[in-house]
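# An overview of the molecular structure
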Amino acid sequence: MIRQFELLERVKAYDPALDEDALNRAYVFSMKAHGQQKRASGDPYFLHPLEVAGILTNMKLDSASIITALLHDTVEDTLATLDEIEKLFGQEIARLVDGVTKLSRIELQSDHSRQAENFRKLFLAMSEDIRVLLVKLADRLHNMRTLSFIQDGEKRRVIALETIEIYAPLAARLGMHEMKDELEDRAFAELNPDARASVLARLDFLHEQEGGLVNSIIEELKQTLKEAGIEAEVSGREKTPCSIWTKMQRKSVTFEQLADIMAFRVAIKTVAECYSALGVLHGEYPVVPGRFRDYLSTPKQNGYRSLHTGVIGPQRQRIEIQIRTFEMHETAERGVAAHWQYKQDAGHTDGRQYRWLRELLDILEHASGPEEFLEHTKLEMFQDQVFCFTPKGDLISLPSGATPVDFAYAVHSEIGDTCVGAKINGRIAPLRTQLANGDQVEIITSKAQTPSPTWERFVVTGKARARIRRFIRSKQLDEYLTLGRAILEKAFRQEGFEYTDKALKDVYKTFKHDSTRDLIAAVGSGLHTGRDVVKTVFPGIKSEGRAMNIIRLARARTKKRAKEAAQPISVRGLIPGMALHYANCCHPLPGDRIVGIVTEGKGVTVHTIDCPTLESFADMSERWLDVAWDTDNVEHHVGRINVVVINEPGALSSLSTVIAKNLGNIQNLKITHRSTDFFDMVIDVEVADVKHLSNIIAALRATPAINSVARARG
Ligand code: MN
């Protein structure tokens, strides 16, 4: 167990800015908070945060990280609250502890192993401050070191699996190879003890055979470089059992030689010397073709920098050599964590690091002190993505700005198609809500629901957009067909004929369509009038006069048929925005007497019968369509009213109160004219039907603050 003063000394050794008092208080606070809690090992729980803090001192992290490590489990596992921590340790520590707590909660939420990549991204995205992630990694490392104390074998397996699939790659991504190796090896020992044992046995055998070979190679390499005037540190590094095993699996090879398990590392002061050393070694020993890599001039994506080469080296052994500077070496081992140490001379970095690390360093160069630096070290990674959970805990990755509709389509097309609502973190939220990282999203579906054309305005994923468009297209076609048939039936009857699809068999080509269906849809969309089609089918019909005669005759002939001809087309089942549109000039409401105007390529626009706009269609009787409301329709409609409000305090509030009291929902409000005495306004109100709107108008007229109200026309 690390004693309180030891911890203090360790941090003091590299962080002169240490707040001794805060560290001491955190130590005591955590010890008291965890009280009698025990670890699976039977040790006092407090040993765990203490060890995590110890791991972070080895990484030479700042005192805020160390304090956070001490406190990291208090909010989740003890009675301590975040408020308390903020009061005692300040905002920065509270924010860091909160970050670690959030990650721990995410960790508990789900079976993540199936979606390891997304989880890694979520962790990165949620760790606004990189120190949160470092504390979490150290936490996991200590939990892995004490894994064997957990009795439940399945639990151990799950933890090990998470470690190998999520935490080890995260450590690698942050360039922390030492951390990655230990996490991976401990997980490997749990998950595949037999494989590990066989690799270790094989390694033992090789070590026996080798008999001091590694040391003599190191000595000779050092000597060779020294003779060329290059001062270098040379070391041998063995691959971990886990990485040997992975390589064996991937390439189905066995390992027999030193080169398979060992890399020799040459660390030098400057980059220029690295290249000189490479020249010296290539001059001295035969080069193994195809092994040379220059990650100095072209670093790996995670910022790794080194020269790699293979030679037939000392003792005629095929060996792999990695050449880099001390600083690169340190970075390769400790990654991001190493940068705390190098912050004093960060000017040396040439910027070819991870994009976000480069940003960190950029801030570093321009920050006046470490405080400001840390203040700004927010991770910018994956800012363009959000990660959300299904109720079962599956993780869905979406572009930022995504809504529950995108989420629904990402889960399954059918869920998207039938989605009617969403609960975000247990609360009903509008479908257009933008999702945030870590949100749990439950989609409410109804078999009767179909995609709404309005969704297209707010979805951001290609999948959702494509499905909605495809639905709109097919639905539109259906509606055009329905409408087209109704228009044709009417047109045929007006000429005294009975309509059947068959009647179009010989004429669709005349209209340049590929099928009867296409022609019907084209009529529905307003490309041709019903009359045009009738005239083509029965070329004998020439004049209006004759047609009128026919109508009269037909009507006289059978009253029944005449009645059918007079039957209006119901707007039932037509979805506004597709084949059917409500006119913006008169905002027809259920209960209004209405008429349809066929608009070329758009379907039908519905106007109230007294709408002034209709005058402009007076000469185009062929485009008029008799339509009627479908009374079962429950959708909301928008009524538009013109209101003149007296300019006095509270007038607007009494206006909105009256509308709300009468269950109208104001959708839009615009002041069109204002004078000292009056405001003229246009208000769009969601109502059920014309009666509903009339009630609202009447109530408004009875309101003292309102001068006049009228329904908007044209
Ligand atoms: Mn912990």
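Residues numbered from 1 in each chain as written. Predicted model: local features only at pLDDT ≥ 70, side-chain atom pairs only at ≥ 80, totals over all residues. Heavy atoms only, no water.

## With respect to the sheet that holds strand β4 (residues 307-312)
Quick note on the threshold: Two strands qualify as a pair provided DSSP detects at least 2 bridges between them. Numbering goes from the N terminus for both helices and strands, where a helix is a DSSP run of H or I of at least four residues and a strand is a run of E of at least two.
Here five strands make up an open sheet; going across it, the order is β1-β2-β5-β4-β3 and the pairing mixed. Edge positions in the sheet fall to β1 (233-238) and β3 (293-294), since each of these pairs with one other strand and no more. Relative to strand β5 (residues 318-325), strand β2 (residues 262-268) runs parallel, the two sharing six bridges. Within β5, the residue paired with F264 across the bridge is I321.

## Focus on a nonpolar patch on the surface
Filter applied, for reference: To count toward a patch, a residue needs a relative accessible area above 30% and no salt bridge. Like charges then connect within 9 Å, nonpolar side chains (Val, Leu, Ile, Met, Phe, Trp, Tyr) within 5 Å. Exposure was quantified through the Shrake-Rupley algorithm and a 1.4 Å probe, taking into account, for residues, occlusion by the shown protein chains and nothing else. Note on definitions: salt bridges are taken to be side-chain nitrogens of Lys or Arg within 4 Å of carboxyl oxygens of Asp or Glu. Think of it in three bands: residues with accessible area under 20% of the maximum for their type are buried, residues over 50% are exposed, and the middle band is partly exposed, with areas taken using a 1.4 Å probe on protein chains only.
A surface patch of nonpolar side chains, amounting to about 240 Å² of accessible area, comprises L652, L669 and I671. Tracing the backbone through its elements, the reader meets I671 in strand β18 (residues 665-674). Relative accessible area serves as the criterion here: at 38%, I671 is assigned to the partly exposed category.

## Quick word on the pairing of β4
Of all six residues that make up β4, five are buried, and the element is covered over most of its length. Hairpin connection between β4 and β5: a loop of five residues separates the two successive antiparallel strands, and Q315 in this loop has a positive phi of roughly 60°.

## Focus: the coordination of the manganese ion
Convention followed: Because water is not among the atoms used, a metal site may look incomplete, as its donors are only the N, O and S atoms within 2.8 Å, or 3.2 Å for Na, K and Ca.
Coordination sphere of the manganese ion, protein contribution only: H48 (NE2), H72 (NE2), D73 (OD) and D139 (OD), at 2.1 to 2.3 Å. Taken in chain order, the donor set of the manganese ion reads H-x23-H-D-x65-D. With H48 in helix α3 (residues 47-58) and H72 in the loop between α4 (63-71) and α5 (74-77), the pair connects residues that are 24 residues apart, well separated along the chain.

## Quick look at the pattern of salt bridges
It is possible for side chains bearing opposite charge to pair when their charged atoms get close. The final tally for this structure, using the stated rule, is 21 salt bridges. Ionic pairing is found between E9 and K12, a salt bridge with its closest N-O pair at 3.7 Å. Placement of both E9 and K12 in helix α1 (residues 4-14) is noted, with a separation of three residues, approximately one turn of the helix. By relative accessible area, which is 36% here, K12 ends up partly exposed. Residue R640 pairs with D684 through a salt bridge whose shortest N-O separation is 2.8 Å. Taken together, the positions of R640 in strand β17 (residues 637-646) and D684 in strand β19 (residues 678-687) put the pair 44 residues apart, joining distant regions of the chain. On the basis of relative accessible area, R640 is assigned to the partly exposed category, the value being 26%. D684 sits in the buried class, given a relative accessible area of 7%. One network of salt bridges, in which partners are shared, links E9, K12 and E20.

## As for α4
α4 sits mainly inside the fold: nine of its nine residues count as buried. Looking only at α4, the buried set comprises S63, A64, S65, I66, I67, T68, A69, L70 and L71.

## Topic: the confidence of the model for the protein chain
Spelled out, the test is: Per residue, pLDDT captures the predictor's confidence, and it can take any value from 0 to 100. Two residues qualify as a contact provided that any one of their heavy atoms is within 4.5 Å of a heavy atom in the partner residue.
Overall, the predicted model of the protein chain reaches an average pLDDT of 79, with 81% of residues at or above 70. Confidence, read as mean pLDDT per element, is least for helix α20 (residues 370-376) in the protein chain (36) and greatest for helix α6 (residues 82-89) (94). pLDDT under 50 marks residues 340-383. Its contacts with residues more than four places away, or in other chains, come to 78 contacts. Taken as a whole, residues 549-565 scores under 50 in pLDDT and shows 15 contacts with residues more than four places along the chain or in a different chain.

## A short note on unusual backbone geometry
Of note, K512 is a non-glycine position whose phi angle comes to about 60°, a positive value. Of note, K512 is situated in the loop between α23 (462-494) and α24 (516-524). Phi angles above zero are rare outside glycine, and H587 is one such case at about 45°. Looking at the secondary structure, you find H587 in the loop between β12 (580-582) and β13 (594-599).

## A short note on the environment of P241
Topologically, P241 is positioned in helix α14 (residues 241-251). Assessed through its relative accessible area of 9%, P241 is described here as buried. When the C-alpha atoms of P241 and F188 are compared, they prove to be 8.4 Å apart, with 53 residues separating the residues in sequence. Setting aside chain neighbours within four positions, we find P241 in contact with D185, F188, R196, V199 and L200.

## Structural notes on helix α2 (residues 20-34)
Here is the rule we go by: A helix is expected to span 1.5 Å multiplied by its residue count minus one.
Counted at 1.5 Å a residue, the expected span for α2 with its 15 residues is 21 Å, and the 21 Å between its end C-alpha atoms agrees. Residues A22, L23, A26, Y27, F29, S30 and H34 constitute the buried set of α2. Where α2 is buried, its residues contact α1, α3, α4, α5 and α6. Taken from the residues just after α2, G35 is the one with a positive phi, measuring 45°.

## Details of the packing of α1 against α4
The condition is simple: In this analysis, axes come from line fits to C-alpha atoms, helices being fitted only over the stretch in contact, and the angle between any two N-to-C directions falls in the range 0 to 180 degrees. Should an angle fall under 35 degrees it is taken as roughly parallel, and over 145 as roughly antiparallel, whereas 65 to 115 is taken as roughly perpendicular and any remaining angle as oblique. Handedness of a helix crossing follows the sense of rotation of the near helix relative to the far helix, less than a right angle counterclockwise being left-handed and clockwise being right-handed. Gly counts as polar in this scheme, as do all residues outside two lists: the nonpolar Ala, Val, Leu, Ile, Met, Phe, Trp, Tyr, Cys and Pro, and the charged Asp, Glu, Lys and Arg.
The geometry of α1 relative to α4 is characterised by a closest axis approach of 11 Å and an angle of 155° between their N-to-C directions. In terms of orientation, α1 and α4 fall into the roughly antiparallel class. Between α1 and α4 the crossing geometry is right-handed. Across the interface between the two elements, L7, V11 and Y14 from α1 touch S63, I66 and L70 from α4. A class-by-class count of the residues in the contact of α1 with α4 yields five nonpolar, one polar and no charged.

## Comments concerning the packing of aromatic side chains
A ring pair, where both rings are aromatic, is described by two values, the distance of the centres and the angle of the planes. What counts is decided by this rule: Only Phe, Tyr and Trp rings take part, Trp by its six-membered ring, and two of them pair if their centres are within 6.5 Å. Stacked means planes under 30 degrees apart, edge-to-face means over 60, and tilted covers everything else. Counting as a charge over the ring demands two things of the Lys NZ or Arg CZ atom: a distance within 6 Å of the ring centre and an angle within 35 degrees of the ring normal.
Counted by the stated rule, this structure contains six aromatic pairs. Among the aromatic residues, those joined into a ring-pair cluster are F492, F497, Y499 and F538. Over the aromatic face of Y45 sits the side chain of R39, whose NZ or CZ is 5.6 Å from the ring centroid.

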